[in-house]
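# Examining the three-dimensional arrangement
The lines below spell out each chain.
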Amino acid sequence: MANPKDPKECSFSFSDFPEDVQLCILSFLSLPDIANFACTSKRFVSLCCNDTKLWFTLCQRRWGSKTQINKWGGGQITNKLLYKTLTQWENLIGFWRHCGRAGLSGQCPRLIIFEWGPSFVSGSRICPSKNGTYYVTKSPFLWMGISPDGQIVYFLDLEGQTEIPSGDFGSWLEFVCLDQNLVPANVNFMGKDHFVVEENLNFWHSSKSKDVLRSSSSSKNLIEDSDEVIESGIAGSLPDRFVSEMYMHFANRTSPGGGGDRAWRRQRKKEKERQGRRKWEPEHFLKVVDCSPTPDKPLQGLWKGISGDMNLNFYLVKYDEIGGIICQRIGDFSSSYTLVFWTSEPMSMESPFSLEEERIYDDRIHFQPVAAEDQIHSQPAMTGIEMVSHIQHINSSCNLMLPSLVGSAGLQHGEGRIGQYMNGTFGFGFLRDHFIIDLKHIIQEGRLLDSVNLLQ
């Protein structure tokens, strides 16, 4: 009988545990640790390569509460591939802002949010409402998924009109074949906080795209019937090729003496010229790392506020390395952001305030949303001086009317106030103005507030 006091007789090796227990233990390790463990014996190599057990457990433990692991790729891809892909994509979850000037026709959103879907990751454009309320609109922008044959696919939704697929990603690929608003894209990651989206002009010509679409049963016949058109080299998206084929058919019937062939060549030339015009220029996006306030930085994050023209604007507030506060307005098409104010040495005052500070605050109005459009926020706001916990001075501001000027000509040195409210929000205004812009949260506890889906 083993002596319980003897550690040599009571010790167990990893091999003594059942396989299910071994797999459970391995699922807590990092990938480098698993790779090092696999080098210890041939038996452990087989154990670490077990896709249906180990790699599924790794995926389920990490993302099972956020997405449906079995649905990705129609359930036909390896869990190891899924783990590798989602490891890269999970950093996308959250808010990103556009970097640089607007591209074609101002189609590029200034603020997007990435979220988990049942078998895909979706990026939605977040825009201020246009009806003088605190509501924000949410519409599709970028779809990311894996085809049943393991191909990574990205599609841009330029019009924001595609309904969110309720089934697996393969069923949505069927819809891609017939939706000309969806543009094939490539996403290039430049570190963890920067990526570039560009149009994939070669998607419909590649053999991979045909394999992706053949993997869907209802689109299989569609693609097989179009093989001859694709191989002919006619430019344009897939539906455009069917139009070209119809055009050639009627041209051959109505044009005597070979005129149909000349018409076909003219149509082919037009198709190539139209294909040469991009629908989307490469655009850069940066991650909004600190999108919510903290006890040490109560003003940081993404905010929204109604300005003097009764339009809703988005604001990004950050703290610099020396404690200064920077406020930028997001959403202008002329640039990626507009500097609203900055203060290098904020001076904070606590309640009770001096009579002069109370007068400065009480003499200014607070803009309210349109009552008929916003029943939630149209009630009289409790923004009296008694609701203000701290007041900070603004010693510099940027000219709101000239956002394109970045030199000294566009900078105004002025004085203002930031009022922190007891409910965790704040408002700001300048002494030269007669109003205060009260800001509310865009996101709280990871949830987008006051959103309206344009497709509903």
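Conventions adopted
- Residues numbered from 1 in each chain as written.
- Predicted model: local features only at pLDDT ≥ 70, side-chain atom pairs only at ≥ 80, totals over all residues.
- Heavy atoms only, no water.
- Core = buried A, V, L, I, M, F, W, Y, C linked by side-chain atoms within 4.5 Å.
- Buried < 20%, exposed > 50% of the residue type's maximum accessible area, 1.4 Å probe, protein only.
- Helix = DSSP H or I, 4+ residues; strand = E, 2+ residues; numbered from the N terminus.
- Domains from an automatic or database assignment.
- Contact = heavy atoms within 4.5 Å.
- Pairing = 2+ DSSP bridges.
- Arc of directions from axis to C-beta.
- Phe/Tyr/Trp six-rings, centres within 6.5 Å; stacked < 30°, edge-to-face > 60°.
- Lys NZ or Arg CZ within 6 Å of the ring centre and 35° of its normal.
- Polar contact = N/O pair within 3.5 Å; in protein donor to acceptor, adjacent residues only side chain to side chain.
- Patch = residues over 30% accessible without salt bridge, like charges linked within 9 Å, V, L, I, M, F, W, Y side chains within 5 Å.
- Areas by Shrake-Rupley, 256 points an atom, 1.4 Å probe, with all protein chains shown as cover.
- Salt bridge = Lys/Arg side-chain N within 4 Å of Asp/Glu carboxyl O.
- Axes fitted to C-alpha atoms, helices over the stretch in contact; angles between N-to-C directions.
- Parallel < 35°, antiparallel > 145°, perpendicular 65-115°, else oblique.
- Left-handed = near helix turned anticlockwise from the far one by under 90°.
- Nonpolar A, V, L, I, M, F, W, Y, C, P; charged D, E, K, R; others polar.
- pLDDT = per-residue confidence, 0-100.

Once that is clear, we can look at the nonpolar core. Among the nonpolar cores identified, the biggest contains 42 residues, and Trp 72, Phe 114, Leu 142, Leu 156, Phe 195 and Val 197 are the most heavily contacted of them. The greatest single-element share of this core, amounting to five residues, is contributed by helix α5 (residues 51–63). When residues of this core are assigned to domains, at least three fall in each of domain 1 (14–70) and domain 2 (86–202). Those residues in contact with Trp 72, other than ones at most four positions away along the chain, are Thr 67, Ile 77, Leu 82, Leu 86, Trp 89, Trp 116, Pro 118, Ser 119, Phe 120, Val 121, Gly 145 and Ile 146. Counting residues in hydrophobic clusters, the runner-up holds 35 residues, among them Leu 111, Leu 316, Phe 430 and Ile 442.

What follows is about the environment of Ile 112. Its location among the elements puts Ile 112 in strand β2 (residues 111–116). You can call Ile 112 buried: its relative accessible area is 0%. With 173 residues separating them along the chain, Ile 112 and Phe 285 place their C-alpha atoms 9.1 Å apart. Not counting the four nearest positions on each side in its chain, Ile 112 is found in contact with Gly 94, Phe 95, Trp 96, Ser 124, Arg 125, Ile 126, Phe 141, Phe 195 and Phe 285.

Right, let's get into the pairing of strand β1 (residues 94–99). Buried residues dominate β1, accounting for five of its six residues. In the sheet, β1 pairs with strand β8 (residues 283–287) via four bridges, with the strands oriented antiparallel. Bridging from a neighbouring strand, Arg 97 pairs with Leu 286 of β8.

Attention now goes to helix α3 (residues 31–38). Within the span of α3, buried status applies to Ile 34, Phe 37 and Ala 38. End-on, the buried residues of α3 take up no more than an arc of 100 degrees, which puts them together on one face. The outward face of α3, more than 90 degrees from its buried face, is lined by the exposed residues Pro 32 and Asn 36. Packing partners of the buried residues in α3 comprise α2 (19–26), α4 (42–48) and α5.

The full count for this structure, using the stated rule, is 18 aromatic pairs. For the pair Phe 14 and Phe 44, a centre-to-centre distance of 5.7 Å together with 80 degrees between the ring planes defines the contact as edge-to-face. Taken together, the positions of Phe 14 in the loop between α1 (7–10) and α2 and Phe 44 in helix α4 put the pair 30 residues apart, joining distant regions of the chain. The ring of Phe 28 has Arg 61 sitting right over it, with the charged end atom 3.8 Å from the ring centre. A cation over an aromatic ring shows up here: Arg 432 above the ring of Phe 430, its NZ or CZ 4.6 Å from the ring centre.

Summarising the element assignment, Thr 52 is placed in helix α5. What makes Thr 52 exposed here is its relative accessible area of 62%. In the structure, Thr 52 is positioned 26 residues away from Thr 78 in sequence and 8.0 Å away in space, judged by C-alpha atoms. Here the side chain of Thr 52 touches Asn 50 through a polar contact of 3.2 Å, side chain to side chain.

Together, Phe 12, Phe 17, Val 21 and Ile 25 give the surface a local cluster of nonpolar side chains, amounting to about 370 Å² of exposed area. Among the secondary structure elements, Phe 17 is positioned in the loop between α1 and α2. For Phe 17, a relative accessible area of 35% gives the class partly exposed.

It is worth spelling out the side chain of His 98 at this point. Note on placement: His 98 falls in strand β1. For His 98, a relative accessible area of 0% translates into the label buried.

A separate point is the pattern of salt bridges. In the structure shown here, the tally under the stated rule is eight salt bridges. The closest approach of N and O atoms between Glu 115 and Lys 138, which form a salt bridge, is 2.6 Å. Here Lys 138 lies in strand β4 (residues 136–146) and Glu 115 lies in strand β2, a separation of 23 residues in the sequence. Here Arg 359 and Asp 363 are joined by a salt bridge, their closest N and O atoms 3.2 Å apart. Under the relative-accessibility criterion, Asp 363 is labelled partly exposed at 48%. Each member of the salt-bridge network shares a partner with another, and the members are Glu 356, Arg 359 and Asp 363.

The next point concerns the packing of α2 against α5. Any two packed helices are characterised by the angle at which their axes cross and by the distance between the axes. Two elements in contact, α2 and α5, have axes separated by 9 Å at closest approach and are oriented at 45 degrees. When the interaxial angle is binned, α2 and α5 end up oblique. The two elements α2 and α5 cross, and the hand of that crossing is right-handed. Contact residues: α2 offers Glu 19, Leu 23, Cys 24 and Leu 26, while α5 offers Lys 53, Leu 54, Leu 58 and Arg 61. The class makeup of the residues in the contact of α2 with α5 is five nonpolar, no polar and three charged.

Attention now goes to the confidence of the model for the chain. When pLDDT is averaged along the chain, the result is 75, and 66% of the positions lie at 70 or above. Confidence drops under a pLDDT of 50 for residues 217–251, and excluding neighbours within four residues, the segment shows 61 contacts in the predicted structure. The model gives residues 253–257 a pLDDT under 50, and that stretch makes two contacts with residues more than four places away or in other chains.

So, on to the pairing of β8. Both faces of the sheet carry side chains from a regular strand, because those side chains alternate between them. Burial along β8 is one-sided: the face carrying Glu 283, Phe 285 and Lys 287 is buried and the face carrying His 284 and Leu 286 is not. Judged from the four bridges that link them, strand β7 (residues 194–199) and β8 form a sheet pairing that is antiparallel. Paired with Val 196 across the strands is His 284, a residue of β8.

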